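Examining the three-dimensional arrangement
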Amino acid sequence: MKRIMIAIAAVLLLAPCAFAQSGERIYRKYADADNVSVVYISPSMFRIIGRLPDLDVGDGQIDFTPIVRSLTGLYVIDSENPSVNDDLRRSAVGNDGYELLMEAREDKDVVRIYAKGNEQVVNGFIVFADEGDEVRYICLEGRMPRDEFDRLLSEQMRD
Amino acid sequence: MKTPEEIGRMSPEQLEAESAAQEACVPQDLERRIMETLAADEIASAVPARRPFRQTLWLPLSAVAAAAALFLIFRSATPGRPLRDTYDDPYLAYAEVEKTFRTISDKLSTGTKLVRQARETAGKPREILDKTQSR
């Protein structure tokens, strides 16, 4: 009985961590902090963007338009606040289903890219770039077709 | 050993004298059995001892932890005030998305560049080996 109660309490305590680190939560946490600039684009705005007749998101070689049309949220946090930076380094990406796709370290700069989803759909994509004094956190949420996402990623990495 | 009929015919004085003349036979382990019986009775009727404080502490602590967890879950699940779009103009939002994708592209390129450098470095020994073998 005692062990069961302790196990239940532990599970309940850990449960909030499971959905504690979504893009929205991170955004809400740091939106009003000093030396932090944030951008939020809502699902409604993405629907409007998707209807723009001259939508052409890309760098000339790669067309991100299909991905953009499937997005439901964009959260960007650009921080030059040391305490926020430390906090982001520790907890920007929790254990909420994101898997590390890539990590690159160059001098003091660290770039980590995470994605979450299943074989058909990518529901979340996070880019975490730590440049020492500045930390940038980009979170894209939506229902991006996995094939499209993988194709863009591989094209981008090939160039 | 006298029969019940013989005992019935005896007077009280004779019975007393007979009883005093016979040696009483006390079972050898009678005292031990009495002590054991008394001890068992004492244990059975004793008031249960109170559990030490540390043994009972887990219950309220678990309850507090569970309550705290439920509060956190409830707070996380309850949507706060709705977020406001940073841009009202879809073209500005579109420009921001484009800028973000460019940043993502740059960051991916950083990783790709490092992989390419590593591949080149890793290929050097093979090149040297191939040259040596071809001679």
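Residues numbered from 1 in each chain as written. Chains lettered and ligands numbered in written order. Predicted model: local features only at pLDDT ≥ 70, side-chain atom pairs only at ≥ 80, totals over all residues.

**Focus: the overall build of chain A**
A count of helical and extended segments in chain A gives six helices and six strands. Along chain A, from the amino end to the carboxyl end, the secondary structure elements read α-α-β-α-α-β-α-β-β-β-β-α. Per-residue burial over chain A gives 30% buried out of 159 residues. Restricting the contact set of chain A to residue pairs at least 6 apart, pairs at least 24 apart contribute 62%. (Helix = DSSP H or I, 4+ residues; strand = E, 2+ residues; numbered from the N terminus. Buried ≥ 20, exposed ≤ 12 C-beta atoms within 10 Å, placed from the backbone. Contact = placed C-beta atoms within 7 Å.)

**Focus: the overall build of chain B**
Helix and strand counts for chain B come out as five helices and zero strands. Sequence-ordered secondary structure for chain B, helices as α and strands as β, is α-α-α-α-α. By residue count, 7% of the 135 residues in chain B fall in the buried class.

**Quick word on the environment of A:Ile67**
All names here are of chain A. Tracing the backbone through its elements, the reader meets Ile67 in helix H4 (residues 65-69). C-alpha of Ile67 to C-alpha of Glu148: the two residues are 81 residues apart in sequence and 7.4 Å apart in space. Residues within four places of Ile67 in sequence aside, it is in contact with Met144, Glu148, Phe149 and Leu152.

**Regarding the pairing of strand E3 (residues 99-106) of chain A**
Alignment of E3(A) against strand E4 (residues 109-117) of chain A, held across seven bridges, turns out to be antiparallel. Looking at E4(A), one finds that A:Ala104 is bridged to A:Val111. (Pairing = 2+ DSSP bridges.)

**Quick notes on the sheet that holds E4(A)**
Pairing between sheet strands relies on hydrogen bonds along the backbone, with the strands arranged either parallel or antiparallel. All names here are of chain A. One open sheet accounts for six strands, arranged E1-E2-E6-E5-E4-E3; its pairing is antiparallel. Strands at the two margins of the open sheet, each flanked by one partner only, are strand E1 (36-41) and E3. Neighbour-to-neighbour, the strand axes of the sheet open up by a mean angle of 10 degrees, direction not taken into account. Note that E4 and strand E5 (residues 121-130) share eight bridges and pair antiparallel. Bridging from a neighbouring strand, Arg112 pairs with Phe128 of E5. Each of E1, strand E2 (71-79) and strand E6 (135-145) touches helix H2 (residues 23-30); the most contacted strand, E2, lies at about 35 degrees to it. Where helix H5 (residues 82-91) meets the sheet, its contacts fall on E1, E2, E5 and E6, and the angle it forms with E6 comes to roughly 40 degrees. (Axes fitted to C-alpha atoms, helices over the stretch in contact; angles between N-to-C directions.)

**Observations concerning the confidence of the model for chain A**
Residues and elements named next belong to chain A. Summarising the model, chain A shows a mean pLDDT of 80, and 76% of its residues fall at 70 or more. Per-element averaging of pLDDT across chain A places helix H1 (residues 2-18) at the bottom with 55 and E1 at the top with 94. The low-confidence segment residues 16-21 (pLDDT under 50) makes 17 contacts with residues lying over four places distant or belonging to another chain. (pLDDT = per-residue confidence, 0-100.)

**Considerations on H2(A)**
Since the α-helix packs 3.6 residues into each turn, any two residues three or four apart lie on the same face. Residue and element names in this part refer to chain A. Regarding H2, the residues found buried are Gly23, Ile26, Tyr27 and Tyr30. Along H2, the residues classed as buried sweep out an arc of 100 degrees about the axis, all on the same side. Buried residues along H2 sit in contact with E1, E2, H5 and E6. (Arc of directions from axis to C-beta.)

**Concerning the environment of A:Leu100**
Residues and elements named next belong to chain A. Summarising the element assignment, Leu100 is placed in strand E3. Sequence-wise, Leu100 and Ile113 are 13 residues apart; in three dimensions their C-alpha atoms are separated by 6.0 Å. Not counting chain neighbours up to four residues away, the residues in contact with Leu100 comprise Arg112 and Tyr114.

**Here's the deal with unusual backbone geometry**
Residues and elements named next belong to chain A. If you check the backbone angles, Asn35 has positive phi at about 55 degrees while not being a glycine. Asn35 gets classed as partly exposed once you count the C-beta atoms within 10 Å, which come to 13. Its identity as a non-glycine residue notwithstanding, Asp107 has a phi of 55 degrees, on the positive side. Take Asp107: it is sitting in the loop between E3 and E4.

**Brief notes about the confidence of the model for chain B**
Residue and element names in this part refer to chain B. Averaged over all residues, the pLDDT of chain B is 79; the fraction at 70 or higher stands at 83%. Mean pLDDT per element in chain B: helix H4 (residues 53-77) is the minimum at 74, and helix H3 (residues 30-45) is the maximum at 89. In the model output, the complex is listed with pTM 0.61 alongside ipTM 0.76.

**Structural notes on the environment of A:Ala31**
All names here are of chain A. Position of Ala31 relative to the elements: it lies in the loop between H2 and E1. Classification of Ala31 as partly exposed rests on a count of 16 C-beta atoms within 10 Å. Sequence separation between Ala31 and Ile77 is 46 residues; the distance between their C-alpha atoms is 7.8 Å.

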